[in-house]
Amino acid sequence: MSVIRSFKASDMFKFNNVNLDVWTETYNIGFYLHYLSRWPDLCCVQEAPSGRMMGYVIGKAEGQGSEWHGHVTAITVAPEYRRLSLARKMMSLLELVSDETYRGFFVDLYVRCNNLVAIDMYEGMGYSVYRRVREYYGNLGVGKGGRDEEDAFDMRKPLSRDSARRSVRSNGRDIVVSAHDVS
């Protein structure tokens, strides 16, 4: 049986099977170490009985006032372990910590607009599109359907502190902002 445990610095030596994927954003070692030292409770891995990494999530707490929230910086599952609800379990843990420890109003994440499988998964977990961020992932030019395929959806899920659900909106797909407008 696999286990969810804290992400350790030494895990960076064994996450290539997870990171070498077209949808996964990868970062430099210093970036991961910063997250592990600053928000260790928002970083976890799913590990197989053999010790092989199955997936991981790294997150942070950020914002001010009613914008204080948990942020999913990266979540990924190795291709051979997908469709086992591992991402859902790791996201649930990050949401719980964001809610109970950090007392955030919501959890947010950015996802490529053309990553339909991930968008469907997030919507099934209660996330909704808050806004579209133009060229969030850079600019590869206009893609299929006349839209830049490197745009991102900023997706949010309200937490218990946001009982009025101010952190979500029903028309988020219609709200378009520049990547320069988001922090």
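Residues numbered from 1 in each chain as written. Predicted model: local features only at pLDDT ≥ 70, side-chain atom pairs only at ≥ 80, totals over all residues. Heavy atoms only, no water.

Named according to an unreviewed UniProt entry, the chain is N-acetyltransferase originating from Lentinula lateritia.

1. A look at the pattern of salt bridges
Two side chains bearing opposite charge may form a pair once their charged atoms approach each other closely. Here is the rule: Salt bridges are defined as contacts in which a side-chain nitrogen from Lys or Arg sits within 4 Å of a carboxyl oxygen from Asp or Glu. Strands are runs of DSSP state E lasting at least 2 residues, helices are runs of H or I lasting at least 4, and numbering of each runs from the N terminus. Burial status follows relative accessibility: with a 1.4 Å probe on protein chains alone, a residue under 20% of its type maximum counts as buried, one over 50% as exposed, and anything between as partly exposed.
Summed over all chains, the structure comprises 15 salt bridges. Across the salt bridge formed by Arg5 and Asp11, the nearest N and O atoms sit 2.7 Å from each other. Note that Asp154 is salt-bridged to Arg131, the shortest N-O span being 2.9 Å. Placement of the pair is Asp154 in strand β7 (residues 152-158) and Arg131 in strand β6 (residues 128-134), with a sequence separation of 23 residues. A relative accessible area of 0% means that Asp154 is categorised as buried. In this structure Arg131 comes out as buried when scored by relative accessible area, which is 15%.

2. Some remarks on the nonpolar core
Stated formally: We define the nonpolar core as a collection of buried residues of types Ala, Val, Leu, Ile, Met, Phe, Trp, Tyr and Cys that are connected through side-chain atoms lying within 4.5 Å of one another. Marked domain ranges trace back to an automatic or database domain assignment. The contact rule is simple, with two residues in contact once any of their heavy atoms fall within 4.5 Å.
By size, the foremost hydrophobic cluster in this structure holds 44 residues, and its most contacted members are Phe7, Tyr56, Tyr122 and Met155. Breaking this core down by element, the ones donating at least two residues are α2 (29-38), β2 (43-47), β3 (53-62), β4 (69-77), α3 (86-100), β5 (106-112), α4 (116-124) and β7. Both domain 1 (1-104) and domain 2 (109-183) contribute no fewer than three residues apiece to this core. With residues near it in sequence (within four places) discarded, Tyr122 still touches Ile75, Met91, Leu109, Val111, Tyr127 and Met155. Counting five residues, the second largest nonpolar core, distinct from the first, contains Tyr110, Val133, Ala152 and Val182.

3. Some thoughts on the pairing of β3
Using the following cut-off: Two strands are said to pair when DSSP picks up at least two bridges between them.
Within β3, nine of the 10 residues are buried, leaving the element largely enclosed by the surrounding structure. Relative to β3, β2 is paired through five bridges, and the arrangement is antiparallel. When the bridges of β3 are listed, Glu47 appears paired with Met53. Hairpin connection, β2 to β3: the antiparallel pair is bridged by five residues, and Gly51 has positive phi, about 95 degrees. Two strands pair when backbone bridges link them, and β3 and β4 are joined in this way by eight bridges, in the antiparallel orientation. Among the inter-strand pairings, Glu62 is bridged to a residue of β4, identified as His69. In sequence, β3 turns back onto β4 through a hairpin of six residues, with Gly63 there showing a positive phi of about 100 degrees.

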